[in-house]
Each structure stands twice: as structure tokens, then as C-alpha cells.
Protein chains: 2
Amino acid sequence: MRELRVVGGPPPERADAAQNRRRIVRAAAELIARHGPEAVSMDEVARAAGVGVGTVYRRFGDRARLVYAVIDDRERGFQDAFIHGPPPLGPGAPAAERLRAFLHALADRTEAQADLLVMAESGPPDARFRDGSYALYHRHLAMLLGRIRPGADAAYLADALLAPLAANLFLYQRRTRGMPLGRVKAGLDALIAGLIPGLNRTDHDPSGEGL
Amino acid sequence: MRELRVVGGPPPERADAAQNRRRIVRAAAELIARHGPEAVSMDEVARAAGVGVGTVYRRFGDRARLVYAVIDDRERGFQDAFIHGPPPLGPGAPAAERLRAFLHALADRTEAQADLLVMAESGPPDARFRDGSYALYHRHLAMLLGRIRPGADAAYLADALLAPLAANLFLYQRRTRGMPLGRVKAGLDALIAGLIPGLNRTDHDPSGEGL
DNA sequence: AGCATAACTGGAGTATTCTCCGGATACAAC
DNA sequence: GTTGTATCCGGAGAATACTCCAGTTATGCT
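What you see is a predicted model, and the numbers here were worked out from it, not measured in a lab.

**A closer look at the environment of Ser133 of chain A**
Residues and elements named next belong to chain A.
Working step 1: Checked against the element boundaries, Ser133 lands in helix 9 (residues 132-148).
Working step 2: With relative accessibility at 6%, the residue Ser133 sits in the buried group.
Working step 3: Along the sequence, Ser133 and Tyr68 sit 65 residues apart, while their C-alpha atoms lie 9.0 Å from each other.
Working step 4: Residues within four places of Ser133 in sequence aside, it is in contact with Asp72 and Gln79.

So, in C-alpha cells, the structure goes:
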């Protein structure tokens, strides 16, 4: 009995190709960890992985996608913390609380991966959006917003709330403007306060954490 | 009687250098208009301007700054429409109305210059922020926000309201997601509605323009 | 006018991303 | 096992952003 391929699905990846992919990602991650994200060229990655540079491009298409593959490797845990994990990030808490918790968690992730993210978001202008994780965050945010404000344009607002966490702006605020991380989170709170019925009259930090 | 240079100011630009700068910007603008922004290499610009490529880099530092120079050339009018122009964009209208008008005008500008802006915002990650116009928009927005919500973090919120109008996101929404321009503006209205006391309870378009 | 010097010029050179395609190879069918 | 073929491999090559520096020129001072 032979298993049939899903109609229209992509052809399965050959075993050697899959192994090469893993080797490339691992080599890239190690080089980045050792020399910093900017100092690592595609040729070096290819050599360290023991493959030709053509293979790297065949697997990943461009530099941005390779870097995203490294990032995804690091944050698989975060990716389902807000889907399956415990409240307030995961299901169980009110949507407004989940929204806030999600943005804070995303700020923490951006802080942790900032250099890698900046590198990934350079390159093609749509690099950030075509990556699977952006779509995931967008869907999640749109779902929460849809519950909080049924009449609003959740798809637009999801993009608009993700935009201030673009790595280039985030890093500019943190490094050049010198804003502490807590101030960024408090600013995000102020931004969403207006979108949450019942909170829009106060400028106080609802959690009492201060900045 | 000799005129003294302002202490600490940059040395004045030599006459031939100023002429070369104008020739470079003009050549770049013409090449971009003819072949599209992506098809223009720095070497071509240099040749068309009749200078060496080293001169282009001496004047502008990198590709992003050259493109911003071309953009600035095109929108000098817009730059003071919201500073000296008539209401609701310029002074005279309530701050909340000016805020809304400004974001709409900025959306129109982003629409008009989208390809150029995308090109300019590629390159160094902080390309967008170090350009003079970003600082101008940021100051203006922070000033308006400071009047509307004295207690809020105007500097952060100004960045956050500029973020959804980053060219790469804007173009992705317009072209890939297929959002009409009016929907972007309506979404921005929804975003700021929460920041403006008294408007935060309605999802209606306050202007009645629809989308 | 002549001179000293700081600024400018331009093109060869470097580094890097990404493309292309002839040859090798894994996998399926028999 | 053998064979056919779709997929994959890898390095040479093209394109291009940016650097460097030896020679030139504008500018201010005397």
C-alpha cells in the first residue's frame, strides 16, 4: 500500500536535502552566535555547513529567510505559549488581558532577538511579512481584537499594533533614543488603552508595574 | 567686514561641491523617473551626473540618503503645509483635528512616494529615522499629542503612530493584502480614536467620508 | 598675485549577495 | 539489480554597494 501525496501539495523533500537544511541552519546559528549577526556572510555559512553557496540559496531563497529560520529555531517555545500556554498569555484570560500580555511578550522577544531581527528585516522590503511568524502574530492579534471591538477593522489594527515592534524602530528607540524596555511596554499600553472599552480614560499603568 | 561662521557649525560647502550635489540629485531623479527606482545603480547615477562614484558617496554617504534627498526635493511643499499652511493641517484647528489631518496627509504622501520610500528605507536599518523629515514628523506629532493628552508619553506615541506608515508595511497592505487607501486612513482613525478624549466610544468615521 | 592647506574628485579595488547550469545523486518503477 | 529521471549540488560568474587614496582644485590669508 503506497501513501498518496496530497493533491497539489509540494513534492516531498529529499532526505539529503533535508539534512543539508539542518546543517545550514545549525552552521548559521553557530557562526552568528560566535561572530555576531552582521559579520557572517553567506559564503561563510556555506563553507561551515560543508555545502556550496548555491545550495544555501536553493534551500532558503535569500539571506532574510535563512535568518528567520534561525530565529524560528530559537523561539519555538514562545510561538505556542500564546496559543496553548497558561493565561494571561494563553486562552482562559479575557481578550483584553491577553492582548496586553501578548504585546509585552512580543516586546520581550524583540528585545531578545533584536540583532537577528534587524538583519532579517533588511533585504527584501516584504521580508518581515512573508515570514510565517508574522502571519501567526497577525492572526492572533486580529482574533483578540475581533473579540474586543467587534466593529473595528481587526486586520488593519493588527498590522498597526505590530508595526511599532518592527525591529528597526525598536532598536532605534532602545539604543539611539535610549528608551528603557519598560517605557516601550508602557507606551504600547497607552496605545491599546484606547482600543479597549472601559480603559480609555486613564493614563495610569493598569498593572501597577510602573515603567 | 567678514561674516563669521557659527561656532561649532559645519564648514561651508565649497561652490563646486554644491553644484555637484545638485547635479547628482537631478540625475538621480531623472534616472529614477525613467527606469524605476530599483533599476538605478549608484554607478549609473554617477555617470549620468558626470562625476565619479566616490563623489556621490562623499556627498550622500549611502544610497538611502541619496534617495531621501530626491524625496525631499519632491515634497518640500508638504513639509510646511502642516507647519505654516491653513487648517485643518496647519495651525488654527484643534489639535485633535490636526492630528487626524496630518496622518491622512502622510498616508497620501506615502502613497505617492511609495516606491521611492521603500528603496530609501532599505539599506541601513536606521535609514528612516536619521533622515531629517522623520524627525520633523515626529516632533510635530509629539507636539500635537502633548496637547491632546498631557499625561501620555508623546515621544513614544509619535513613533508608534508613524510606524504603521512605514513604506514597507504600507506597500504590503496596499499591494499584497489589497487594502484600499481609504481603508488605511480609516484604520488610522480607529487607532487614534482611543487617544482622543471624547471620541473613543464610536467606531463611525467622524468625517462621514466612509472608506 | 602667490601660497598653504583643507576639501574635493574619480576610478580602481574590495566585499558581498545572488544567479546559472553542467554534472552528480537519491528515489521510484520494473 | 538496473534504469530513468526529477531533484539536488556546488562553484564560477555577474551585479552592485561601498571604500580608499593619489592627484587636483577651490579658498582664505598675507
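**Some details on unusual backbone geometry**
Working step 1: Residue Pro88 of chain A is reached from Pro87 of chain A by a cis peptide bond, and omega for that bond is 5°.
Working step 2: Within the secondary structure, Pro88 of chain A is located in the loop between helix 5 (76-81) and helix 6 (95-112).

**Focus: the relation of the copies chain B and chain A**
Working step 1: Each copy of the sequence occupies a distinct position, and chain B is placed on chain A by a rotation of 180° and an axial shift of 0.0 Å, giving an RMSD of 0.1 Å. With respect to symmetry, the two chain copies, as superposed, fit the operation of a two-fold axis. Relative to the rotation axis, the closest C-alpha in chain B is found at Gly194 of chain B, a distance of 1.7 Å.
Working step 2: Interface overlap between copies: 100% of the residues of chain B at the interface are likewise at the interface in chain A, consistent with a symmetric, same-surface contact.

**A closer look at the interface of chain B and chain A**
By a widespread convention, an interface's size corresponds to the accessible area lost as its parts come together.
Working step 1: Each partner contributes residues to the interface: chain B has 40 residues there, and chain A has 40 residues.
Working step 2: Where chain B abuts chain A, roughly 3,400 Å² becomes buried across the two surfaces, and 57% of that area is made up of carbon and sulfur atoms.
Working step 3: One salt bridge connects Asp153 of chain B with Arg183 of chain A, and the closest N-O pair in it is separated by 2.6 Å.
Working step 4: The interface formed by chain B and chain A includes 6 residue pairs in polar contact (both at pLDDT 80 or more).
Working step 5: Those elements that place two or more of their residues in the side of chain B that touches chain A are helix 9 (132-148), helix 10 (154-162), helix 11 (167-176) and helix 12 (181-193) of chain B.
Working step 6: Grouping the constituent residues of the side of chain B that touches chain A by class yields 21 nonpolar, 11 polar and 8 charged.

**Notes on the packing of helix 6 of chain A against helix 12 (residues 181-193) of chain A**
Residues and elements named next belong to chain A.
Working step 1: Two numbers describe how helix 6 lies on helix 12: the axes approach to 10 Å, and their chain directions differ by 150°. In terms of orientation, helix 6 lies roughly antiparallel with respect to helix 12. Crossing of helix 6 over helix 12 shows right-handed handedness. Of the residues in helix 12, those touching helix 6 at Leu99, Arg100, Leu103, His104, Ala107, Asp108 and Glu111 are Leu181, Lys185, Leu188, Asp189 and Ile192.

**Looking at the packing of aromatic side chains**
Both the distance between ring centres and the angle between the ring planes are used here to describe each pair of aromatic rings.
Working step 1: For the structure shown, the criterion picks out 14 aromatic pairs over all chains.
Working step 2: Ring geometry for Phe129 of chain A against Tyr172 of chain B: centres 4.8 Å apart, planes inclined by 25°, an arrangement best described as stacked. Note that Phe129 of chain A is positioned in helix 8 (residues 127-130) and Tyr172 of chain B in helix 11, a pairing that runs across two chains.
Working step 3: The buried category is assigned to Tyr172 of chain B, whose relative accessible area is 14%.

**Digging into the pattern of salt bridges**
Working step 1: Scanning all chains against the criterion turns up 26 salt bridges over all chains.
Working step 2: Of the charged contacts in the structure, one is a salt bridge between Asp159 of chain A and Arg177 of chain B, with a shortest N-O distance of 2.9 Å. Here Asp159 of chain A, found in helix 10 (residues 154-162), pairs with Arg177 of chain B, found in the loop between helix 11 and helix 12, and the two come from separate chains.
Working step 3: Residue class for Asp159 of chain A comes out buried when judged on its relative accessible area of 0%.

**Describing the nonpolar core**
Working step 1: If you look at the biggest cluster of nonpolar residues, it comprises 134 residues, and the most contacted ones within it are Leu99, Phe102 and Leu161 of chain A together with Leu99, Phe102 and Leu161 of chain B.
Working step 2: Sequence-distant contacts of Phe102 of chain B, defined by excluding residues within four places in its chain, comprise Phe78, Phe82, Leu89, Tyr137, His140 and Leu141 of chain B.

Reading the values: rules and limits
Residues numbered from 1 in each chain as written. Chains lettered and ligands numbered in written order. Predicted model: local features only at pLDDT ≥ 70, side-chain atom pairs only at ≥ 80, totals over all residues. Heavy atoms only, no water. Helix = DSSP H or I, 4+ residues; strand = E, 2+ residues; numbered from the N terminus. Buried < 20%, exposed > 50% of the residue type's maximum accessible area, 1.4 Å probe, protein only. Contact = heavy atoms within 4.5 Å. Least-squares fit on C-alpha atoms with pLDDT ≥ 70 in both. Buried area = accessible area lost by both parts, 1.4 Å probe. Salt bridge = Lys/Arg side-chain N within 4 Å of Asp/Glu carboxyl O. Polar contact = N/O pair within 3.5 Å; in protein donor to acceptor, adjacent residues only side chain to side chain. Nonpolar A, V, L, I, M, F, W, Y, C, P; charged D, E, K, R; others polar. Axes fitted to C-alpha atoms, helices over the stretch in contact; angles between N-to-C directions. Parallel < 35°, antiparallel > 145°, perpendicular 65-115°, else oblique. Left-handed = near helix turned anticlockwise from the far one by under 90°. Phe/Tyr/Trp six-rings, centres within 6.5 Å; stacked < 30°, edge-to-face > 60°. Core = buried A, V, L, I, M, F, W, Y, C linked by side-chain atoms within 4.5 Å.

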